[in-house]
Amino acid sequence: MSHVQGGPTGGPQWGTGGGAPSPDWSALAADAERDRRRRRWLVVGGGALATVLVGTVVALAIVRQDGGGADTPADRGGNALDAAEGSSPDAQPAPTFSETSLPPPPKPREFVTDPEKDLAPFTSDGFFAGETMRVEDREYLRVAADTAEGIEACAATAGPGPAEALAAHGCLALVRATYTAEGVAVTVGAAQFPGEEEAAAAKEAAGGPITPLIGEGAAAFCQRGGCRTTRSQLGRYVYFTIAGNLDNTPDSGEETPAQQAARDGNEHAYTRIVQRGESQASASAEALVAERRSGAGGAEDRDTEPEPGATDGD
């Protein structure tokens, strides 16, 4: 019986004998192990490649959504505009707008300190507005008022005590008003000076109380002494009070109606000076707003004017 042996291609070999030849188990096991390792590396490599591909796709999506990641929204807008406009000579600069914010409002104190700003009339009717003086729950009725303008009139009206100080420091005007309530009367006076320094010096130099203003309902008070007085200064104003009993008897003791009337008159004068500053500051702020609005309106009118030769229609 003949047998055939495989050629150089490595095909199966046939041996001699009556049965099938015994296989090379070691070679077969090695081949199988190589196949398993090849398939395992293919699986691992394919998974890694898939992971890389997925990560790349996600990263690209994030970058596309954020417009580059590092740029701010303004930068992205600028880059888009730059890309769209390029370097065309027809590109227009960004529009500019005029400043619309208002300056800080003026402070009321400036209007009772600076004579260039404190321009409101200074008279007894304006300063002592209203027929009554109310401080907390106490109310007084105004029975007299007067205004003295100029240094000589200030000195003569103020009386011998403060007259010299008012004249020396240039008193411009002196207003007084007398109020009465529950058996007492109080005269409140306010003197205006060229500036805060002059007022402070006059307040320190004043040697006595202001002369009481006698009027209907306050025939005579503080004529025999025993009156309560105050003297204070705010901005370019010095203000005085003198209070006493309506029956012209001297006042003494603590917490008397006359003493309270002097304090109330002092508080009233202070409040009126503060209100003077606030009123002028408010008027100045309103004027600034109106001026700004007027300027804006003028600009709009200029923008809508027809061009030369244009007509409004038939």
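About the cut-offs
Residues numbered from 1 in each chain as written. Predicted model: local features only at pLDDT ≥ 70, side-chain atom pairs only at ≥ 80, totals over all residues. Heavy atoms only, no water. Buried < 20%, exposed > 50% of the residue type's maximum accessible area, 1.4 Å probe, protein only. Helix = DSSP H or I, 4+ residues; strand = E, 2+ residues; numbered from the N terminus. Contact = heavy atoms within 4.5 Å. Core = buried A, V, L, I, M, F, W, Y, C linked by side-chain atoms within 4.5 Å. Pairing = 2+ DSSP bridges. Salt bridge = Lys/Arg side-chain N within 4 Å of Asp/Glu carboxyl O. Phe/Tyr/Trp six-rings, centres within 6.5 Å; stacked < 30°, edge-to-face > 60°.

(A) Just helix α5 (residues 160–168), in detail. For α5, the set of buried residues is Pro162, Ala163, Ala165 and Leu166. Close packing links the buried residues of α5 with α4 (151–158), β4 (184–192), α6 (196–205) and β6 (237–245). Remark: Gly170 follows α5 within two positions and exhibits a positive phi of approximately 80°.

(B) Broad picture of the nonpolar core. With 25 residues, the main nonpolar core has Phe122, Phe127, Phe128, Tyr140, Tyr179, Val186 and Ile273 as its most contacted residues. For Phe128, the residues in contact, after removing those within four places along its chain, are Arg142, Val175, Arg176, Ala177, Tyr179, Val188 and His268. Of all hydrophobic cores here, the second largest spans 20 residues; its members include Ala148, Phe193, Ala206 and Ile242.

(C) Examining the pairing of strand β2 (residues 138–149) more closely. Relative to β2, strand β1 (residues 132–135) runs antiparallel, the two sharing four bridges. The partner of Val135 across the bridge, within β2, is Arg138. Where β1 folds back onto β2 in an antiparallel hairpin, the turn is made up of two residues, including Glu136, whose phi is positive at roughly 55°. By the bridge criterion, eight bridges tie β2 to strand β3 (residues 173–181) in an arrangement that is antiparallel. Paired with Ala148 across the bridge in β3 is Leu174.

(D) Inspection of the side chain of Asp264 at higher detail. Structurally, the position occupied by Asp264 is in helix α7 (residues 257–303). Classification of Asp264 as buried rests on a relative accessible area of 2%. Contact partners of Asp264, with chain neighbours within four places excluded, come to Met133, Val135, Arg138 and Tyr140.

(E) Representation of α4 within the structure. Within α4, burial applies to Cys154, Ala155, Thr157 and Ala158. Elements in contact with the buried residues of α4: β2, α5 and β3. Following α4 by one or two positions, Gly159 has its phi on the positive side, about 100°.

(F) Structural detail: the pattern of salt bridges. Taken as a whole, this structure holds 13 salt bridges when the rule is applied. Between Arg142 and Glu131 there is a salt bridge, with its nearest N and O atoms 3.7 Å apart. One end of the pair, Arg142, is in strand β2; the other, Glu131, is in the loop between α3 (124–127) and β1, and 11 residues separate them in sequence. Residues Asp137 and Arg138 are paired through a salt bridge, measuring 3.7 Å at the closest nitrogen-oxygen approach. Within the structure, one salt-bridge network assembled from shared partners comprises Glu136, Asp137, Arg138 and Asp264.

(G) Examining the packing of aromatic side chains more closely. All told, the structure shown has four aromatic pairs when counted by the stated rule. Note on Phe122 and Phe127: the rings are 5.7 Å apart at their centroids and 75° apart in plane angle, and the pair reads as edge-to-face. Phe127 shares its class with Phe122; the two are buried. Centre to centre, the rings of Phe127 and Phe128 are 4.9 Å apart; their planes meet at 85°, and the pair counts as edge-to-face. Take Phe127 and Phe128: they sit in the same class, and that class is buried. An aromatic cluster of three or more residues is present, and its members are Phe122, Phe127, Phe128, Tyr179 and Tyr237.

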